[in-house]
Amino acid sequence: MKDYIEERAIHIANYIIENNATVRQTAKEFGISKSTVHKDVTERLRQLNPTLAAEARKVLDVNKSERHIRGGMATREKYLHQHMCG
């Protein structure tokens, strides 16, 4: 594996853990695709640093389990805003 890819995987995991970030937020921050973020954390990082990979995975799993709640809140805000402004 290329050195820069290994470094990126470690930086991505640290970013996710420090910022409690989602895959989408991380992809945007690093200018890469969501699938690359996922692959870096679940495959590449597991070989390099299994402990760090597990920590990042934990954050992503929590975010995934809560995403339907965040989506509902965003929709609610959208409609409240439209109702007040419309």
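Everything below is about the structure printed above this text.
Just so we're clear, the structure is a prediction, and the values are computed from it rather than from any experiment.

K.L.:
I would appreciate a short explanation of the environment of E77 in the present structure.
P.N.:
Here E77 shows up in helix α4 (residues 50-85). Owing to a relative accessible area of 49%, E77 belongs among the partly exposed residues under this scheme.

K.L.:
Could you clarify how one ought to interpret the packing of aromatic side chains in this entry?
P.N.:
For any pair of aromatic rings, the description rests on two quantities: the centre-to-centre distance and the angle between the ring planes. Scanning all chains against the criterion turns up one aromatic pair. Ring geometry for Y15 versus F30: centroids 5.6 Å apart, planes at 85°, classification edge-to-face. Here Y15 is found in helix α1 (residues 3-19), whereas its partner F30 is found in helix α2 (residues 23-30), with 15 residues between them in sequence. For F30, a relative accessible area of 29% translates into the label partly exposed.

K.L.:
Can you help me understand the environment of K34 in this one?
P.N.:
Topologically, K34 is positioned in helix α3 (residues 34-48). Taking the C-alpha atoms as reference points, K34 and R24, separated by 10 residues in sequence, lie 5.9 Å from one another. Sequence-distant contacts of K34, that is, excluding residues within four places in its chain, are made with V23, R24 and A27.

Rules and cut-offs
Residues numbered from 1 in each chain as written. Predicted model: local features only at pLDDT ≥ 70, side-chain atom pairs only at ≥ 80, totals over all residues. Heavy atoms only, no water. Helix = DSSP H or I, 4+ residues; strand = E, 2+ residues; numbered from the N terminus. Buried < 20%, exposed > 50% of the residue type's maximum accessible area, 1.4 Å probe, protein only. Phe/Tyr/Trp six-rings, centres within 6.5 Å; stacked < 30°, edge-to-face > 60°. Contact = heavy atoms within 4.5 Å.

Shape descriptors only; they carry no functional weight alone.
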